[in-house]
Amino acid sequence: MNKYDVIVIGGGHAGTEACLASARCGSKTLLVTQNFETVGQMSCNPSIGGIGKGHLAKEVDALGGVMAKAADAAGIHFRILNRKKGPAVWATRSQADRALYKSFIQMQIKQQTNLDYVDGEVVDLVIEKDAIKGVQLKNNEIIKCKNIILTAGTFLSGVIHVGNKSYSAGRLGEEASNKLAVRMRDLDLMMGRLKTGTPPRLDGKTINFDNMIMQPGDKPRPVFSFMGKSSDHPDQVNCFIARTNEETHQLIRDSLKKSPLFNGVITGKGPRYCPSIEDKVTRFSEKNSHQIFLEPEGLNTNLIYPNGISTSLPEEDQENFIRSIAGLEKVKIEKYGYAIEYDFFDPRGLTSYLENKKVRGLFMAGQINGTTGYEEAASQGIVAGINASLNAQNKQKWTPLREDSYIGVMIDDLITQGAPEPYRMFTSRAEHRLFLREDNADQRLTKLGWELGSVTKERYDFFQKKLDMIEDETEKLRDLKFLQEGKQICASDYLKRPNTSYTDLSSLCPEYKLTDISIGQNCAVNIKYEGYIARQKVEISRNKKDEELSLPEKINYEKITALSIEARENLSIARPQNLRQASRVPGVTPAAISILKVQIKAIKNNKEFARDGA
């Protein structure tokens with residue numbers, strides 16, 4: 001039988017980044033998916049980026065991933081969000097043509113060396129002595145491998161709900177992976193149930209856009225990939241904003257007893273930050289209106305995605321409340337909204353490499369780890385792909401750190417705190433936001449990606465040229481002086497002031513020739529934040545020595561009675577690898593960290609546990 005270094009199960013956003021990264025890193029890789037024609041499909045909103053999510057997409061790109069390039073090739077509407085705030089939290093978002101995005105991803109997979117793909121359903125994992133040895137397909141074929149990356153999304157025991165109707169599915173029109181789900185439960189890997197949902201799809205030809213607010217894309221148009229340019233983009237379109245009203249809300253309230261979210265049919269926890277319209281009307285009862293963003297699904301389709309009205313109400317109730325909205329009075333619903341419940345694995349059962357703690361060579365990425373969103377899935381996928389490849393080559397695996405990337409923040413949060421609800425990335429989750437910006441993601445991660453093998457020579461050479469340009473322009477800005485209000489001022493000092501930007505220099509110093517705007521803006525932001533960032537680096541360095549102290553695997557937290565019951569229970573589940581991870585575990589206080597330091601010293605000295613922490 002064929003033997004692979006890495007087999008990736010599932011062709012969603014996590015699976016595609018995982019298989020491509022593994023192959024780029026030099027490992028013989030196989031992607032197994034039920035139907036290759038659905039690989040790269042945007043099953044919910046065809047958009048990439050947004051608050052926090054744009055940072056993740058840029059970081060995936062900096063590591064050599066494909067998501068941002070696909071967003072540029074398929075993007076039909078681009079905006080920068082959070083413009084009124086500081087550059088650290090600016091966030092790129094693009095609406096994508098669903099068909100173009102999927103086509104681009106599939107082309108990348110077909111062209112990637114070291115990568116094969118096959119249509120098939122994995123029904124079993126071949127495990128010997130707690131280590132991965134291969135997979136078994138539905139046709140009983142066994143394919144041997146050293147590592148597996150499981151990226152099953154919502155397919156493990158997936159159940160779709162619309163009103164009082166429920167049926168097994170991974171997503172609309174596709175079968176759930178029930179046999180694999182049963183096998184995974186047998187492994188006793190701490191599984192649970194989560195829920196997500198999607199809104200109905202509307203026929204744009206039946207919408208009266210005159211009664212809505214037009215939302216054009218930004219000019220100049222941003223790009224997603226660090227190697228991208230606006231000429232990569234297809235034709236651009238406008239989005240629109242509509243609003244619910246009191247009649248809409250009353251119709252929804254009248255239907256709640258038929259909602260599986262409210263009548264007890266759905267037991268899985270849903271995403272707090274992307275609630276259904278039923279949740280919104282109930283939880284925010286004081287609001288008499290909610291925004292709906294009407295976003296086209298592509299250039300050659302009339303389908304409109306109404307972002308903001310995810311629902312699992314019965315079909316007739318969906319029609320009634322949607323047609324109460326101005327502009328949608330005569331709308332035709334092409335596909336009804338639904339909720340989906342699915343199995344997920346408690347991510348506290350993973351190491352920082354996204355490898356399962358119980359089964360060697362089993363990596364997990366995406367929604368099965370309790371996250372929600374394409375960007376969160378892709379970020380995990382590229383980390384799992386890199387680490388599975390490193391593992392296959394007997395090389396040291398890589399842990400992304402929270403002080404270096406939003407990817408590191410996310411993985412650290414997941415493996416220490418678990419996922420009591422679907423996890424979504426926000427900039428507020430990061431302590432070092434001034435450093436973890438979109439514009440410098442490549443400066444933080446591309447060299448590392450090159451060393452790990454996930455960044456190609458073409459990308460790395462492109463990056464080195466950019467670094468040279470940034471260095472040259474920064475020197476020029478430090479040397480540039482001009483008169484302002486009768487005083488001579490240095491350009492770098494000017495750019496440190498609030499509400500100043502690189503483009504201001506064209507009027508303040510007309511003789512100065514501005515370089516590439518993206519390069520100049522990057523230089524200006526670096527200059528603006530350099531004092532804060534320097535202090536953050538000192539703080540990180542000061543704390544690092546203690547934080548990197550490893551916690552021996554043989555620690556029995558239940559014996560450390562000086563710790564609170566909550567801390568003992570949560571540490572026993574999370575099994576953190578070091579004090580830094582332990583500090584993120586719920587219930588672990590600074591005092592608890594001091595107690596753990598004592599335990600580390602006791603174990604190193606081959607002494608008994610100091611039960612009282614003394």
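Figured I'd write up the structure that's included with this text. Each chain carries its own residue numbering, running from 1 in the written order of its sequence. Where local features are concerned, this predicted model is filtered to residues with pLDDT of at least 70; where side-chain atom pairs are given and counted, the filter is 80 or more; whole-chain, interface and lining totals use all residues. Just so you know, side-chain values use all the structure's heavy atoms and leave hydrogens and water out.

Secondary structure assignment for the protein chain yields 18 helices and 22 strands. We compute the radius of gyration over the C-alpha atoms and compare it with the globule rule, which gives 2.2 Å times the number of residues raised to the power 0.38. Taken against the 2.2 N^0.38 rule, which gives 25 Å for 614 residues, the C-alpha radius of gyration of the protein chain at 25 Å falls within 12% of a compact globule. The principal-axis extents of the C-alpha atoms in the protein chain amount to approximately 75 × 65 × 50 Å. Counting only residues that meet the buried cut, the protein chain has 56% of its 614 residues in that class. The contact definition used throughout considers only heavy atoms, calling two residues in contact when any of these lie within 4.5 Å. Across the protein chain, the fraction of contacts at a sequence separation of at least 24, relative to all contacts at a separation of at least 6, is 72%. Per-residue and other accessible areas were derived by the Shrake-Rupley procedure at a 1.4 Å probe size, with only the shown protein chains allowed to occlude residues. Split by element, the accessible area of the protein chain, about 26,400 Å² in all, is 48% carbon and sulfur. Of note, the protein chain has its 85 positive side-chain charges centred 3 Å away from the centre of its 77 negative side-chain charges. Put simply, DSSP marks the helices as runs of H or I at least four residues long and the strands as runs of E at least two long, and each gets a number from the N terminus on. Accessible area is worked out with a 1.4 Å probe on protein chains only. A residue is then buried under 20% of its type maximum, exposed over 50%, and partly exposed in between. Under this rule, positive means Lys or Arg and negative means Asp or Glu; His and the chain ends count for nothing. By convention, the point assigned to a charge is CZ for Arg, NZ for Lys, CD for Glu and CG for Asp.

Our next topic: the pattern of salt bridges. By salt bridge we mean one thing: a side-chain nitrogen of Lys or Arg within 4 Å of a carboxyl oxygen of Asp or Glu. Per the stated rule, a full pass over the model turns up 32 salt bridges. Put simply, R584 and D412 hold a salt bridge, and the shortest N to O gap is 3.3 Å. Here R584, found in helix α17 (residues 579–584), pairs with D412, found in helix α10 (residues 406–417); they are 172 residues apart in sequence, far enough to count as distant. The closest approach of N and O atoms between E530 and R478, which form a salt bridge, is 3.0 Å. Of this pair, E530 sits in helix α15 (residues 517–547) while R478 sits in helix α12 (residues 457–479), and the two are 52 residues apart along the sequence. When its relative accessible area of 27% is taken as the criterion, E530 is described as partly exposed.

Okay, the sheet that holds strand β10 (residues 159–162) next. As a general point, the strands of a sheet are linked pairwise by backbone hydrogen bonds and lie either parallel or antiparallel. With antiparallel pairing, the 4 strands of this open sheet are ordered in space as β11-β10-β19-β12. Each edge of the open sheet is held by one strand with a lone partner, namely β11 (165–168) and β12 (191–198). Going from strand to strand, the sheet's axes swing by 25 degrees on average, the running direction of each strand aside. DSSP calls a pair of strands paired once it identifies at least 2 bridges connecting them. With 8 bridges connecting them, β12 and strand β19 (residues 338–345) associate as antiparallel partners. Bridge pairing links G197 to A339 in β19. Axis definition: a line fitted to C-alpha atoms, limited for helices to the stretch in contact. Angles are taken between N-to-C directions and run from 0 to 180 degrees.

Where helix α11 (residues 441–452) contacts α12, the two axes come as close as 10 Å, and the packing angle between them is 140 degrees. As for the relative orientation of α11 and α12, their crossing is left-handed in sense. Seen from α11, the contacting residues are D442, Q443, T446, K447 and W450; seen from α12, they are K457, Y460, F463, K466, L467 and I470. The residue classification treats Ala, Val, Leu, Ile, Met, Phe, Trp, Tyr, Cys and Pro as nonpolar and Asp, Glu, Lys and Arg as charged. All others, Gly included, are polar. Taken together, the residues that form the contact of α11 with α12 break down as 5 nonpolar, 2 polar and 4 charged. Note: crossing handedness is left-handed where the near helix turns anticlockwise from the far helix by less than a right angle, and right-handed where it turns clockwise.

Here 3 strands make up an open sheet; going across it, the order is β3-β5-β4 and the pairing antiparallel. Taken across any chain shown, the strands that pair with only one partner, and hence form the sheet edges, are β3 (47–49) and β4 (75–81). Each strand of the sheet is rotated relative to its neighbour by a mean of 15 degrees, with strand direction disregarded. Of the strand pairs in this sheet, β3 and strand β5 (residues 91–96) are connected by 3 bridges, and their pairing is antiparallel.

With 4 bridges joining them, strand β15 (residues 239–243) and strand β16 (residues 291–296) adopt antiparallel strand pairing. Directly across from I241, in β16, lies its bridge partner F293. Here 4 bridges tie β16 to strand β17 (residues 303–307), and the two strands are oriented antiparallel to one another. Bridge assignment links L294 to a residue of β17, and that residue is P306. From the end of β16 to the start of β17, which pair antiparallel, there are 6 residues.

A separate point is the side chain of S225. With respect to the secondary-structure elements, S225 resides in the loop between β14 (213–215) and β15. For S225, a relative accessible area of 3% translates into the label buried. Polar contacts here mean pairs of N or O atoms no more than 3.5 Å apart (in protein, one a potential hydrogen donor and the other a potential acceptor; neighbouring residues in sequence count only if both atoms are side-chain atoms). A distance of 3.0 Å separates the side chain of S225 from the side chain of D61, its partner in a polar contact.

With that settled, the discussion passes to a negative patch on the surface. A grouping of D468, E471, D472, E475 and D479 is seen on the molecular surface, where their side chains present a negatively charged patch. Within the secondary structure, D472 is located in helix α12. Like charges are joined within 9 Å and nonpolar side chains (Val, Leu, Ile, Met, Phe, Trp, Tyr) within 5 Å, but only among residues with over 30% relative accessible area and no salt bridge; these make up the patches.

Right, let's talk about unusual backbone geometry for a bit. A negative phi angle characterises most non-glycine residues, just as the trans form characterises most peptide bonds. Residue K219 is joined to P220 through a cis peptide bond whose omega torsion reads -5 degrees. With respect to the helices and strands, the residue P220 is situated in the loop between β14 and β15. Backbone geometry places S157, a non-glycine residue, at a positive phi of 55 degrees. Within the secondary structure, S157 sits in the loop between β9 (142–150) and β10. For S157, a relative accessible area of 10% translates into the label buried. Positive phi, normally seen in glycine, also occurs at D188, with a value near 55 degrees. Among the secondary structure elements, D188 is positioned in the loop between α5 (178–186) and β12.

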